[in-house]
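An overview of the molecular structure
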Protein chains: 2
Amino acid sequence: MTHGPRYPALIASLPETVPFVGPEVQERSRGAPFVARLGANESVFGPSPGALAAMRAEAAEIWKYADPTGHDLKAALAAKLGCTPENIVVGEGIDGLLGYLVRLLVAPGDAVVTSDGAYPTFNYHVAGYGGVLHKVPYAGDAEDLPALIAKATQVDAKLIYFANPDNPMGSWCDGAAIVAALDALPQGTLLALDEAYIEFAPTGTTPDLAFDDPRLIRLRTFSKGYGMAGARVGYGLGAPALIRAFDKIRNHFGMNRAAVAGAVAALSDDAFLADVVQRVTDAKTRIAAIARDNGLTPLPSATNFVTIDCGRDGAFAKAVLNALISQGIFVRMPFVAPQDRCIRISAGLPADLDALAVALPKALKTARGT
Amino acid sequence: MTHGPRYPALIASLPETVPFVGPEVQERSRGAPFVARLGANESVFGPSPGALAAMRAEAAEIWKYADPTGHDLKAALAAKLGCTPENIVVGEGIDGLLGYLVRLLVAPGDAVVTSDGAYPTFNYHVAGYGGVLHKVPYAGDAEDLPALIAKATQVDAKLIYFANPDNPMGSWCDGAAIVAALDALPQGTLLALDEAYIEFAPTGTTPDLAFDDPRLIRLRTFSKGYGMAGARVGYGLGAPALIRAFDKIRNHFGMNRAAVAGAVAALSDDAFLADVVQRVTDAKTRIAAIARDNGLTPLPSATNFVTIDCGRDGAFAKAVLNALISQGIFVRMPFVAPQDRCIRISAGLPADLDALAVALPKALKTARGT
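Residues numbered from 1 in each chain as written. Chains lettered and ligands numbered in written order. Predicted model: local features only at pLDDT ≥ 70, side-chain atom pairs only at ≥ 80, totals over all residues. Heavy atoms only, no water.

As recorded in an unreviewed UniProt entry, chain A goes by the name Pyridoxal phosphate-dependent aminotransferase, listed as coming from Thalassococcus arenae. Recorded in UniProt for chain A, the comment headed Cofactor (unreviewed entry) runs: "pyridoxal 5'-phosphate". Among the UniProt annotations of chain A, the heading Pathway (unreviewed entry) holds the following wording: "Amino-acid biosynthesis." (UniProt positions renumbered as here; feature names shortened; annotations may be inferred.)

Rendered as structure tokens:
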């Protein structure tokens, strides 16, 4: 044996993979910045003026660790949502919270259920803790909660991942359908309901269930509607016993102090959020029009992006994607067939979409090899 | 069975403990803010003007996720330290990196070695991953690296935790002593060398070993000398194979974008850092004088705090601590005997230390019950 660390078998078995390649890597690779950053479902409309001012003010206090209990943010969220602080866990984005949640529930060999083609970072965490992932196909272009629950029953899953609205397809289901589907949820299975895009969804998309309901945890974020992806503030809403369990394992001093102050301030500007939602709606309308102008089919979306059916297979959509990227338009696409016939375009500023309108026909021409 | 999550046995066995209670909790409990915040070894001297400006500027870009590779910060660190980016992992403070490191190496039942009374957050992570912690006593008021290595050999430990300079005692050893001690390090044991306070230590405190040395990982932070505790930026320095392993498990999109920009900027102002170190030196001189004026014994310190021997047992030191806290002076103390005869006071502004000078004699009077 030579000097060096000894990794447990599980760790040794894991690939050094990255759930997503960031646009900065691609920019360095192509030697130029992107013209339009429309690939990560970030909000180009940014944080609210109040949130921005709060982050800048709190930067002067950055020498202090953040309150490890997240007291002020939980209080603000509880007041806004009509729950108690005991229903809330704050964490380093939904990504961080998903990691904690998987760690809390999944021992090596434990079964977990998700949709084939759903959020890869969840799968990354499940693999990282040795869980056995069972995947259910999308029904059309939507995650299929009854099928996920049926699979969980079959494999005795500890955890189900379900995003509503869905990423990468933009589809959604009514909260009442979730409530109905949960009647079949096996005891001992928790539903992780990823509501990252809930601010863009129609009223009634979140299930009308008590925050104390022990069957699910809702995961939300300041990364999308609130325009603070780089701040890393997410939260989970669930029964107090589950919420307390996070305290067993989380990085108690893991939150950025200025980010938390920004999140608190963000919650007090409903008009800004409503304006963002309107601007996103307008941008989605424009993206859909651009798609149609080029003979493509935009899918309905309850998120801040539009998934566009390119009408052929995954190889063709990938060629379109690559041709957009080579023109400086950062976009992404679903990973799994048949959803990989699509590309996914985040809401952008008018100038971003102007660039898209110019680039898309060229990209299609390139992809068609004509 | 009723509805609810099923926790693995390890998780079920963990307490809902917090490694440290934050000052905000104490402030809410006492109904008033602290007069002087001298308990968490934060840097009241704050971030450099350049770092502050960078964080404020980058707040406008907070709608973007941070580069998951940490390219720019790694490049800046590599240039400053004379290593390559492949020697560097960036994470959510040393706390976050310790969590990743323990997860990388420690399977349930694996042996880990630390000093009895050393950093509790490390112990928290070891317990959280089911490691078996073996504790070695301090030698005097210093961590005892040869004894830690001997214990690791005896118990076949995968990981040793050693802080140099030490927290909570402020003691330190020469880097050459670390190099010499490592001759006895068993193969398959990694030394986690916590250098959180290295900016305050004498030249030569870090071991003169290649960053590629597979026997150790150095953990450093922007929380102490750089005055950015609330930003949550730490980094590890080690052999590329170990550094790459973090990519298997870390939260790739876990860093705050403004914090990273601030850290990059902080590295370019050596004069500011030197000034902070001087101000910390001055503050430590003053704290030591205040201690001596009250008949107490300040211990030598290579950190940004002074540990003060209160001359009696832990109960007495705790009474002094409580009496300081009740006067609005936030301080902490070692957890374990005989080091718990001390209280630990972080460097402060002159006004903070004025308040300490007033409060300490009263606290001693209270503690002595006279």
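On to the overall build of chain A, then. Assigned secondary structure in chain A consists of 13 helices and 12 strands. For 370 residues, the compact-globule formula gives about 21 Å, and the C-alpha radius of gyration of chain A, at 21 Å, lands near that figure. For the C-alpha atoms alone, the extent of chain A along its principal axes is close to 60 × 60 × 50 Å. Relative to its 370 residues, chain A shows a buried fraction of 64%. If you take every contact in chain A between residues at least 6 apart in sequence, the share linking residues at least 24 apart comes to 74%. If you sum the accessible surface of chain A, you get close to 12400 Å²; carbon and sulfur atoms cover 57% of it. If you average the places of the 33 positive and of the 37 negative side-chain charges in chain A, the two averages end up 5 Å apart. (Helix = DSSP H or I, 4+ residues; strand = E, 2+ residues; numbered from the N terminus. Rg over C-alpha atoms; globule rule 2.2 N^0.38 Å. Buried < 20%, exposed > 50% of the residue type's maximum accessible area, 1.4 Å probe, protein only. Contact = heavy atoms within 4.5 Å. Areas by Shrake-Rupley, 256 points an atom, 1.4 Å probe, with all protein chains shown as cover. Lys, Arg positive; Asp, Glu negative; His and termini not counted. Charge placed at Lys NZ, Arg CZ, Asp CG, Glu CD.)

Of the residues lining the interface, 90 residues belong to chain B; the matching set on chain A comes to 91 residues. The contact between chain B and chain A buries some 7600 Å² in all, and 57% of this surface belongs to carbon and sulfur atoms. Seen at the junction of chain B and chain A, the total is 8 salt bridges. The shortest N-O distance in the salt bridge between Arg244 of chain A and Glu16 of chain B comes to 3.6 Å. (Buried area = accessible area lost by both parts, 1.4 Å probe. Salt bridge = Lys/Arg side-chain N within 4 Å of Asp/Glu carboxyl O.)

All names here are of chain A. Where helix H7 (residues 145-155) is concerned, the buried positions are Leu145, Leu148, Ile149, Ala152 and Val155. Viewed along the axis of H7, the buried residues span an arc of 135°, placing them on a single side of the element. Projecting away from the buried face of H7 at angles above 90 degrees are the exposed residues Pro146 and Gln154. Buried positions along H7 lie against strand E3 (111-115), strand E4 (132-136), strand E5 (159-163), helix H8 (175-182) and strand E6 (190-194). Asp156 sits one or two residues past H7 and shows a positive phi near 60°. (Arc of directions from axis to C-beta.)

This paragraph deals with the pairing of strand E6 (residues 190-194) of chain B. Residue and element names in this part refer to chain B. Most of E6 sits inside the fold, with 5 of its 5 residues counted as buried. Burial along E6 is two-sided: Leu190, Ala192 and Asp194 facing one way and Leu191 and Leu193 facing the other are all buried. Here strand E5 (residues 159-163) runs beside E6; their pairing, made up of 5 bridges, is parallel. If you follow Leu159 over to E6, its bridge partner there is Leu190. After leaving E5, the chain enters helix H8 (residues 175-182) and then returns to the sheet as E6, a path that is right-handed. Pairing between E6 and strand E7 (residues 216-221): 4 bridges, direction parallel. Within the sheet, the bridge partner assigned to Ala192 lies in E7 and is Ile217. (Pairing = 2+ DSSP bridges. Right-handed = clockwise from strand over helix to strand, strands pointing away.)

Let us look at the relation of the copies chain B and chain A. Each of the two chain copies can be generated from the other by rotation about an axis followed by a shift along it. The two copies are related by a screw motion: chain B maps onto chain A through a turn of 180° and a shift of 0.0 Å along the axis, at an RMSD of 0.0 Å. Expressed as an axis order, the relation between the two copies is that of a two-fold axis. Identified as the residue of chain B closest to the rotation axis by C-alpha distance is Arg56 of chain B, at 2.5 Å. A share of 100% of interface residues in chain B that are also interface residues in chain A marks the association as one of identical surfaces. (Least-squares fit on C-alpha atoms with pLDDT ≥ 70 in both.)

What follows covers the layout of surface pockets. Taken as a whole, the largest pocket spans an internal volume of roughly 610 Å³. As for the largest pocket, its lining consists of 30 residues, of which Asp67, Thr69, Gly70, His71 and Asp72 of chain B are closest to the centre. Secondary-structure elements contributing two or more residues to the lining of the largest pocket are helix H2 (23-30) of chain A together with helix H4 (71-81), strand E2 (88-91), helix H9 (240-246) and helix H10 (257-266) of chain B. Top contributing element to the lining of the largest pocket by residue count: H4 of chain B, with 5 residues. Tallied by class, residues from the lining of the largest pocket come to 14 nonpolar, 4 polar and 12 charged. If you add up the space inside the second largest pocket, you get close to 470 Å³. Lining the second largest pocket are 20 residues, with Leu81, Ile198, Glu199, Thr206 and Arg220 of chain A positioned closest to its centre. Where the lining of the second largest pocket is concerned, the elements lending two or more residues are helix H4 (71-81) and strand E7 (216-221) of chain A. Take the lining of the second largest pocket: its biggest share by element is 3 residues, from H4 of chain A. Partitioned by chemical class, the residues of the lining of the second largest pocket number 12 nonpolar, 4 polar and 4 charged. (1 Å grid on protein atoms, 1.4 Å probe; cavity = no way out; pocket = protein on both sides within 12 Å on 5 of 7 lines; lining within 4 Å. Points joined across faces, edges and corners; volume = space filled by probe spheres on them. Nonpolar A, V, L, I, M, F, W, Y, C, P; charged D, E, K, R; others polar.)

Attention now moves to the UniProt feature "domain: Aminotransferase class I/classII large" (unreviewed entry) in chain A. Those residues carrying the UniProt feature "domain: Aminotransferase class I/classII large" (unreviewed entry) are residues 37-359 of chain A in this numbering. Taken end to end, residues 37-359 of chain A comprises 39% helix and 15% strand; its first and last C-alpha atoms sit 13 Å apart.

Before going further, it helps to spend a moment on the environment of Ala323 of chain A. Residues and elements named next belong to chain A. Following the sequence through the fold, Ala323 ends up in helix H12 (residues 314-326). The spacing of Ala323 and Pro361 is 38 residues in sequence and 10.0 Å in space, taken between C-alpha atoms. Beyond its immediate sequence surroundings of up to four residues, Ala323 is in contact with Ala363 and Thr366.

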